[in-house]
Amino acid sequence: MFEFTLTLSLDRIALLFVFNVVILGVVAILASVRYLEIYTFKPKIPYYPTLLIFIVSMLLIPLVHDWLSFLFLWEIMTLASYFLIIYDWPEEKAKKAGWKYFATMHLLDTSPLMLAITLYYAFHDTFNFGPITAYKDVIVALFLFGFASKAGLFPLHFWLPDAHPAAPSPVSALLSGAMVELGLYGTMRVLESVGWSVSRWIVYVLGAMAILSMLVAVLSYPLQDDIKRLFAWSTIDNMGWMYLLILAGLLGVAGVEKGVSYYVVSHGLAKAAAFISTGAMLYAFGTKSLNKVRGIMKSDQLTAGLLIASIFALEGVPPFNLFLSKLDVIKTLLAISPGLAYFAAIEWAIAFILFLRVIHRYIINDGRPEPKRKLAGSIAIAVVLLLFLSMVSQFICEYLWVRW
């Protein structure tokens with residue numbers, strides 16, 4: 001008989017990931033109430049049951065402390081997210097994006113994780129979380145590869161810009177604001193099991209993937225017309241930032257778990273606000289195309305205002321707390337590599353300029369697109385709530401971290 005103990009507990013590493021999923025899950029349900037009115041076909045997929053399964057699986061993943069339960073819940077999360085991505089089944093793009101996501105996850109995410117867990121059990125005689133002592137490099141590399149695929153790190157990012165825009169906007173908020181971050185959670189769990197000490201080549205590979213994720217995202221921003229696709233590239237960018245903190249931990253900086261966890265919450269709230277605000281645009285104007293809503297500020301000041309505020313939150317403009325999280329990354333990098341710190345700061349400035357260009361070129365430019373319907377109050381409230389929380393989340397995180 002194999003050793004397997006199903007226990008649910010909440011420790012510091014899991015705490016803020018669970019908090020992030022709870023907040024985003026509640027807001028996604030709120031935003032969905034009226035958002036689903038945009039779909040005129042008869043759904044083949046039960047939206048709310050599937051959404052609840054997706055949220056609950058993401059809540060439970062940080063609470064289990066054995067790899068068997070972890071993998072089981074990971075697969076439920078992947079399956080539920082797949083069905084939500086293809087919810088708009090008459091759209092050929094949605095079906096293709098869903099298939100690309102599902103095939104990629106099982107080939108590059110689930111398969112490496114299954115092999116890593118099998119090897120872990122074979123040489124440690126348990127599925128319970130614990131130190132990895134045998135075949136350390138192989139097991140750790142397989143785990144990190146699988147988790148990087150879910151997180152959307154370059155070059156394993158190729159599924160993300162298609163899958164996230166294909167889903168309903170409240171689901172996109174969960175995909176980009178909560179699900180991909182669980183790849184980061186798994187990464188920290190594995191590194192915890194080896195005392196944040198891995199072979200140098202793993203450090204270099206993770207660092208290169210993080211840097212290239214940021215570079216590819218910045219180069220892709222100006223090419224986007226689909227606003228949801230634009231924000232999907234921002235997810236790849238921000239995952240690079242979070243993995244730079246992981247890199248700092250591998251290079252000897254103590255306590256990076258706190259910085260990563262705070263960044264997860266700051267990014268999750270801002271990204272969810274951004275995607276649900278695109279849902280507001282889609283609800284009111286029936287399009288995701290930036291070119292088709294040029295001058296939206298003149299037609300619908302509320303929707304335009306939510307979009308602008310969400311962009312500021314996502315790009316780390318004070319008083320939104322992603323500003324503090326990005327500063328923390330730069331400060332941490334200065335301790336190990338001033339060159340990396342300067343790179344992050346310059347990339348941040350360029351990304352902000354490119355998003356400011358989006359605001360001026362599309363949102364407040366000449367034009368007056370005709371809205372199809374008035375923005376639903378529940379969608380607007382969902383975005384406002386996320387924006388408010390993204391301004392005070394630092395205080396909430398500090399309270400939870402200190403009290404736990």
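Quick caveat, the model's predicted, so the values are computed rather than measured. (Residues numbered from 1 in each chain as written. Predicted model: local features only at pLDDT ≥ 70, side-chain atom pairs only at ≥ 80, totals over all residues. Heavy atoms only, no water.)

### Side note on the overall build of the chain
Here's step 1: A tally of helices and strands in the chain yields 15 helices and zero strands.
Here's step 2: For 404 residues, the compact-globule estimate of 2.2 N^0.38 gives 22 Å, and the chain sits close to it at 20 Å.
Here's step 3: Its C-alpha atoms put the chain at 65 × 50 × 40 Å along the principal axes.
Here's step 4: Relative to its 404 residues, the chain shows a buried fraction of 60%.
Here's step 5: The long-range share in the chain, meaning contacts at least 24 apart out of those at least 6 apart in sequence, stands at 80%.
Here's step 6: Here the chain displays about 15300 Å² of accessible surface, and carbon together with sulfur accounts for 68% of that area.
Here's step 7: Of the side-chain charges in the chain, 29 are positive and 25 negative, and the distance between the mean point of each set is 8 Å. (Helix = DSSP H or I, 4+ residues; strand = E, 2+ residues; numbered from the N terminus. Rg over C-alpha atoms; globule rule 2.2 N^0.38 Å. Buried < 20%, exposed > 50% of the residue type's maximum accessible area, 1.4 Å probe, protein only. Contact = heavy atoms within 4.5 Å. Areas by Shrake-Rupley, 256 points an atom, 1.4 Å probe, with all protein chains shown as cover. Lys, Arg positive; Asp, Glu negative; His and termini not counted. Charge placed at Lys NZ, Arg CZ, Asp CG, Glu CD.)

### Side note on the side chain of Ser234
Here's step 1: Here Ser234 is to be found in helix α9 (residues 227-250).
Here's step 2: Sequence-distant contacts of Ser234, defined by excluding residues within four places in its chain, comprise Tyr221, Lys271, Leu314, Glu315 and Phe355.

### Some details on the side chain of Ser220
Here's step 1: Mapped onto the fold, Ser220 is located in helix α8 (residues 200-220).
Here's step 2: For Ser220, a relative accessible area of 10% corresponds to the buried category.
Here's step 3: Among the polar contacts listed, one links the side chain of Ser220 to the backbone oxygen of Val216, at a separation of 2.8 Å. (Polar contact = N/O pair within 3.5 Å; in protein donor to acceptor, adjacent residues only side chain to side chain.)

### A closer look at the pattern of salt bridges
Here's step 1: Counted under the stated rule, the structure contains ten salt bridges.
Here's step 2: Here Asp162 makes a salt bridge to Arg229, at a shortest N to O gap of 2.7 Å. Note that Asp162 is positioned in helix α6 (residues 160-166) and Arg229 in helix α9, a separation of 67 residues in sequence.
Here's step 3: Relative accessible area serves as the criterion here: at 25%, Asp162 is assigned to the partly exposed category.
Here's step 4: We classify Arg229 as partly exposed; its relative accessible area is 27%.
Here's step 5: Between Asp366 and Lys298 there is a salt bridge whose closest N-O contact spans 3.6 Å. Separated by 68 residues along the polypeptide, Asp366 in the loop between α14 (338-363) and α15 (377-403) and Lys298 in helix α11 (residues 296-299) bring together distant segments of the chain. (Salt bridge = Lys/Arg side-chain N within 4 Å of Asp/Glu carboxyl O.)

### As for the packing of aromatic side chains
Geometry of an aromatic ring pair is reported as the spacing of the ring centres plus the angle between the planes.
Here's step 1: Applying the stated rule across the entire model yields 26 aromatic pairs.
Here's step 2: Their ring planes at 70° and their centres at 5.1 Å tell us that Trp67 and Phe70 sit as a pair that is edge-to-face. Taken as a pair, Trp67 and Phe70 lie in helix α3 (residues 67-85) at a separation of three residues, close to a single helical turn. You'll find Trp67 and Phe70 in the same group, each marked buried. (Phe/Tyr/Trp six-rings, centres within 6.5 Å; stacked < 30°, edge-to-face > 60°.)

### Side note on the confidence of the model for the chain
Here's step 1: Overall, the prediction assigns the chain a mean pLDDT of 94, with 99% of residues at 70 or greater.
Here's step 2: Mean pLDDT per element in the chain: α6 is the minimum at 92, and helix α2 (residues 47-60) is the maximum at 97. (pLDDT = per-residue confidence, 0-100.)

### Some thoughts on the packing of helix α7 (residues 169-193) against helix α10 (residues 256-285)
Here's step 1: Interaxial distance between α7 and α10 falls to 7 Å at its minimum, and their mutual angle equals 165°. Of the possible angle classes, the one that applies to α7 and α10 is roughly antiparallel. Like other packed secondary-structure pairs, α7 and α10 cross with a definite hand, here right-handed. Residues Ser169, Pro170, Ser172, Ala173, Ser176, Gly177, Glu181, Leu184 and Met188 of α7 lie in contact with α10, whose contacting residues are Glu257, Val260, Ser261, Val264, His267, Gly268, Lys271, Ala272, Phe275, Ile276, Thr278 and Gly279.
Here's step 2: Class assignment of the residues belonging to the contact of α7 with α10 gives a composition of nine nonpolar, nine polar and three charged. (Axes fitted to C-alpha atoms, helices over the stretch in contact; angles between N-to-C directions. Parallel < 35°, antiparallel > 145°, perpendicular 65-115°, else oblique. Left-handed = near helix turned anticlockwise from the far one by under 90°. Nonpolar A, V, L, I, M, F, W, Y, C, P; charged D, E, K, R; others polar.)

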